[in-house]
Amino acid sequence: MGKYSFFVIMALAVIWVVLTETLSWESVAVAMIIAVFAVHFSDKFLPSANKEAGTVKFSKLIFYPFYLIGQVYLAGFSMLKFVIVGAKFEFVPVKTTLKSEPLKVLLMDSMTLVPGSVSVDIKDDIITSLWIFDKKLNLDQMGKEAVSEMAKGNLEKKIKKAETIENAE
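Residues numbered from 1 in each chain as written. Predicted model: local features only at pLDDT ≥ 70, side-chain atom pairs only at ≥ 80, totals over all residues. Heavy atoms only, no water.

Helices and strands together make up the secondary structure of the protein, namely nine helices and three strands. The order of α-helices and β-strands along the protein, N terminus first, is α-α-α-α-β-α-β-β-α-α-α-α. Within the span of the protein, comprising 169 residues, buried residues form 28% of the whole. Pairs at least 24 residues apart make up 69% of the contacts formed inside the protein by residues separated by at least 6 positions. Put simply, the protein shows about 11200 Å² of open surface, and 69% of that area lies on carbon and sulfur atoms. (Helix = DSSP H or I, 4+ residues; strand = E, 2+ residues; numbered from the N terminus. Buried < 20%, exposed > 50% of the residue type's maximum accessible area, 1.4 Å probe, protein only. Contact = heavy atoms within 4.5 Å. Areas by Shrake-Rupley, 256 points an atom, 1.4 Å probe, with all protein chains shown as cover.)

This is the structure:
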């Protein structure tokens, strides 16, 4: 088990207790047993994930879920306009500067959670996303880089803070 296993086990146990809505010694014991098995099997079958996780400063991502929830609501309100007046959609390549695989996946998942885009593939530094946009925009005139920046918004900037120096180089 890795360096962060204790924290992962505790977090999984807390999630179990919250989901079962029972705070008893039996519930906590079952939660700890299940969490230990989950961490053990993830170490056994996903060894590369543990190496990558050690290169991310998770402490820098503490407030990211709250930021993401705000972005989900803001984008949801802007999507209302598209529902009323119409929109276009297209697959767009989104280039990321993130080097860490877990952070790339976090960006991809965050882009999917925010209304208006669905990430479908990731290869190297390119995330392919189905993006809903204003029908007045002409993506060909904007250029790939501008479209990429619009599709990922400020999500990448927030996630980039968690990258270690070794990954950023």
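It is worth spelling out helix α4 (residues 64–85) at this point. Relative to the 32 Å expected for 22 residues at 1.5 Å per residue, α4 spans 32 Å between its end C-alpha atoms, a close match to the ideal helical length. Restricting attention to buried positions, one finds in α4 the residues Y64, L68, A75, M79 and F82. Tucked into the core, α4 has its buried residues touching β1 (87–95), α5 (101–113), β3 (126–134) and α8 (155–160). (Expected span 1.5 Å × (residues − 1).)

Turning our attention to the packing of α4 against α5. The contact between α4 and α5 brings their axes to 9 Å, and the two run at 35 degrees. Contacts between α4 and α5 pair Y64, L68 and V72 from the former with L106, S110 and L113 from the latter. By residue class, the composition of the contact of α4 with α5 is five nonpolar, one polar and no charged. (Axes fitted to C-alpha atoms, helices over the stretch in contact; angles between N-to-C directions. Nonpolar A, V, L, I, M, F, W, Y, C, P; charged D, E, K, R; others polar.)

Here we come to the pairing of strand β2 (residues 117–123). Bridge analysis of β2 against β3 gives six bridges, and the strand direction is antiparallel. Looking at the pairing, S117 lines up with W131 of β3. Counting the residues that bridge the hairpin from β2 to β3 gives two residues, and of these D124 lies at a positive phi of roughly 55 degrees. (Pairing = 2+ DSSP bridges.)

Moving on, we come to the packing of aromatic side chains. If you walk through the whole model with that rule in mind, you get four aromatic pairs. With 6.3 Å between their ring centres and 35 degrees between their planes, Y64 and Y67 make a pair best called tilted. In this pair, Y64 and Y67 are both assigned in helix α4, three residues apart and thus about one turn of the helix distant. By relative accessible area, Y64 is classed as buried at 6%. Against the face of Y67 rests K158, its NZ or CZ located 4.8 Å from the ring centre. (Phe/Tyr/Trp six-rings, centres within 6.5 Å; stacked < 30°, edge-to-face > 60°. Lys NZ or Arg CZ within 6 Å of the ring centre and 35° of its normal.)

Okay, a positive patch on the surface next. Together, K57, K60, K158 and K161 line one region of the surface with positive charge. Tracing the chain through its elements places K161 in the loop between α8 and α9 (165–168). (Patch = residues over 30% accessible without salt bridge, like charges linked within 9 Å, V, L, I, M, F, W, Y side chains within 5 Å. Salt bridge = Lys/Arg side-chain N within 4 Å of Asp/Glu carboxyl O. Lys, Arg positive; Asp, Glu negative; His and termini not counted. Charge placed at Lys NZ, Arg CZ, Asp CG, Glu CD.)

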